[in-house]
Amino acid sequence: MREPGRFICGKQPRTRIQVKGRLPTGNLQKPFGWPPSSPFVHLDEVRPHPPLKARYETLSDKPDYVNRLFDKGACHYDGIVDWGFFRTGGAYRKWVQERHGLKKGDRVLDVACGTGLVALAASRILGTAENITCLDPSEGMLAVARTKLNATFVVGRAEALPFPDNSFDFLTMGYALRHVTDLEETFREYQRVLKPGGKLLILEVTKPRGRIPQFLFRAYFGRIYPTLTQLFTRSADARDMMRYYWETMDACVPPEAVLSALATVGLSEVNRYTQLGLFSEYTATKPSPSKGCDPSHRHA
Ligand SMILES: C[S@@+](CC[C@H](N)C(=O)[O-])C[C@H]1O[C@@H](n2cnc3c(N)ncnc32)[C@H](O)[C@@H]1O
């Protein structure tokens, strides 16, 4: 067994993750009519982006590919996102969870916890990490997270959560939506493990609208950020991780598709809030079962 916290960057054995259910094999259709002949939408499945052929052959190769990428880049991740987002990451992750209703006593699941940045911010609001469960498929990322907080750590994937129904009050996912294989399958799992009335908060960086913002966004995330990453870390793996970050953002479905998938699985109060036009905060609530009509309260 591997020892937590002693994961050596770039030298990890592969973690094989089982992909649950059927993988897309054709039969294109448009469940919500967006966009015409969409390569994102397959029968019963909504992909966050089409397969990136230059990175992996087929969609079934994606989980292993992504896993290796994050395993190798794990020891550089915190440093890169710290300066890459101008040291605002910790404060923002706390602020956004506070604003969307995280409160003391909540049982929290942080999916795609990575190195624990969202969970760490949550623990500052809760005053403890003992009610926080962190899940991620990358052993490398988890090894870094384990050094930071005393939460429960689980190796797993968003599409097949190893938790009973109705387990959590608050479920977060930070900057990882692009890495799942199927949005609806993932959101169905979120809906299942949330308690009735429980809240979902998904954070993403989304391409801004408008030609000039898009030009600046592409220049920063597509070129400047990966190049500076290579320069500061001297690691080709870290550069590759940030290059992939850009490629998936560039290819990602528009926010409307994410909102549509959230509503499709039966979540309510589905919303998207944006900061500076590029930080997306998707929120939703698991509906409480309707109490129905209590005959004893009927007025004649
Ligand atoms: C960019 S990091 C985000 C880490 C952290 N949430 C944050 O706010 O910085 C993306 C994480 O998603 C994880 N990931 C990739 N595929 C996943 C999946 N199918 N289910 C859950 N997590 C996944 C990766 O291992 C990685 O740790």
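Owing to the predicted nature of the structure, the values given are computational and were not obtained by experimental measurement. Just so you know, the residues in each chain are numbered from 1, in the order the chain's sequence is written. Reporting of local features is limited, given that this is a predicted model, to residues whose pLDDT is at least 70; pairs of side-chain atoms are given and counted only at 80 or more, and all residues count toward the totals for whole chains, interfaces and linings.

## What about the overall build of the protein chain?
Then step 1. A run of H or I in DSSP becomes a helix once it reaches four residues, and a run of E becomes a strand once it reaches two; helices and strands are each numbered from the N terminus. A count of helices and strands for the protein chain gives 8 helices and 9 strands.
Then step 2. Burial status across the protein chain gives 40% buried among its 300 residues.
Then step 3. Working definition of a contact: two residues with C-beta atoms, positioned from the backbone, lying within 7 Å. Look at the contacts in the protein chain between residues 6 or more apart in sequence, and 69% of them connect residues 24 or more apart. Labels follow a simple rule on C-beta atoms placed from the backbone: if 20 or more others lie within 10 Å of a residue's own, it is buried; if 12 or fewer, it is exposed; otherwise it is partly exposed.

## Observations regarding the environment of V46
Then step 1. Along the chain, the position of V46 falls in strand β2 (residues 45-46).
Then step 2. In this structure V46 comes out as buried when scored by C-beta crowding, with 24 C-beta atoms within 10 Å.

## Structural notes on helix α7 (residues 236-251)
Then step 1. When the terminal C-alpha atoms of α7 are compared, their 22 Å separation across 16 residues agrees well with the 22 Å that a helix rising 1.5 Å per residue should span.
Then step 2. Along α7, the residues that are buried comprise D237, A238, R239, M241, M242, R243, Y244, Y245 and M249.
Then step 3. Its buried side turned inward, α7 meets α1 (62-84), β7 (194-205) and α6 (211-233). Expected helix span is taken as 1.5 Å per residue step, with the number of steps being one fewer than the number of residues.

## Regarding the packing of helix α2 (residues 89-99) against helix α3 (residues 117-126)
Then step 1. Packing of α2 against α3 leaves a shortest axis separation of 8 Å and a crossing angle of 60°. Viewed along their axes, α2 and α3 adopt a mutual orientation that is oblique. Handedness of the α2/α3 crossing: right-handed. Packed against α2, whose contacting residues are G89, G90, R93, K94, Q97 and E98, the element α3 presents L117, V118, A121, A122, R124 and I125 at the interface.
Then step 2. In terms of residue class, the contact of α2 with α3 is made up of 5 nonpolar, 3 polar and 4 charged. Throughout, an axis means a line fitted to C-alpha atoms (over the contacting stretch in the case of helices), and angles, computed between N-to-C directions, take values from 0 to 180 degrees. Angle categories are assigned with fixed cut-offs, so that under 35 degrees is roughly parallel, over 145 is roughly antiparallel, 65 to 115 is roughly perpendicular, and the rest are oblique. Helix crossings fall into two classes, left-handed where the near helix is turned counterclockwise from the far one by less than a right angle and right-handed where it is turned clockwise. Under the scheme applied, nonpolar residues are Ala, Val, Leu, Ile, Met, Phe, Trp, Tyr, Cys and Pro; charged residues are Asp, Glu, Lys and Arg; polar residues are all the others, including Gly.

## What to know about the site of the ligand
Then step 1. As a rule, any residue with its backbone-derived C-beta atom within 6 Å of a molecule or strand is reported as near that molecule or strand. Taken together, 21 residues lie around the ligand, and A112, G114, S138, G174 and A176 are the ones closest in.
Then step 2. Counting only elements with at least two residues in the shell around the ligand, the list comes to α1 and α3.
Then step 3. Here the residues of the shell around the ligand are counted per class, giving 14 nonpolar, 4 polar and 3 charged.

## Structural notes on the sheet that holds strand β4 (residues 132-136)
Then step 1. What the 7 strands build is an open sheet, ordered β5-β4-β3-β6-β7-β9-β8; its pairing is mixed. Every interior strand has two partners, whereas the edge strands, β5 (152-155) and β8 (268-275), have only one. Going across the sheet, the axis of each strand differs from the next one's by a mean of 15°, ignoring polarity.
Then step 2. Only strands joined by at least two bridges in the DSSP assignment are considered to pair. Bridge analysis of β4 against β5 gives 4 bridges, and the strand direction is parallel. In the strand pairing of β5, L135 is matched with V154.
Then step 3. Lying over the sheet, helix α4 (residues 139-146) contacts β4 and β5, oriented at roughly 175° with respect to β5.

## A short note on the confidence of the model for the protein chain
Then step 1. Across the chain, each position has a pLDDT score giving the predictor's confidence in that residue, from 0 to 100. The predicted model of the protein chain has a mean per-residue pLDDT of 84, with 82% of residues at 70 or higher.
Then step 2. Below pLDDT 50 for its whole length, residues 1-44 participates in 62 contacts with residues either more than four positions away or in separate chains.

## Observations regarding the environment of V193
Then step 1. Structurally, V193 is set in helix α5 (residues 183-193).
Then step 2. Spatially, the C-alpha atom of V193 lies 9.5 Å from that of K286, the residues being 93 residues apart in sequence.
Then step 3. Not counting the four nearest positions on each side in its chain, V193 is found in contact with L109, L161, F163, D165, S167, F168 and L171.

## Some remarks on the packing of α1 against α4
Then step 1. Contact geometry of α1 with α4 gives a least axis separation of 7 Å together with a crossing angle of 30°. As far as their axial angle goes, α4 and α1 are roughly parallel. Of the residues in α4, those touching α1 at F70, D71, A74, C75, Y77 and D78 are E139, G140, M141, A143 and V144.
Then step 2. Class assignment for the residues of the contact of α1 with α4 results in 7 nonpolar, 1 polar and 3 charged.

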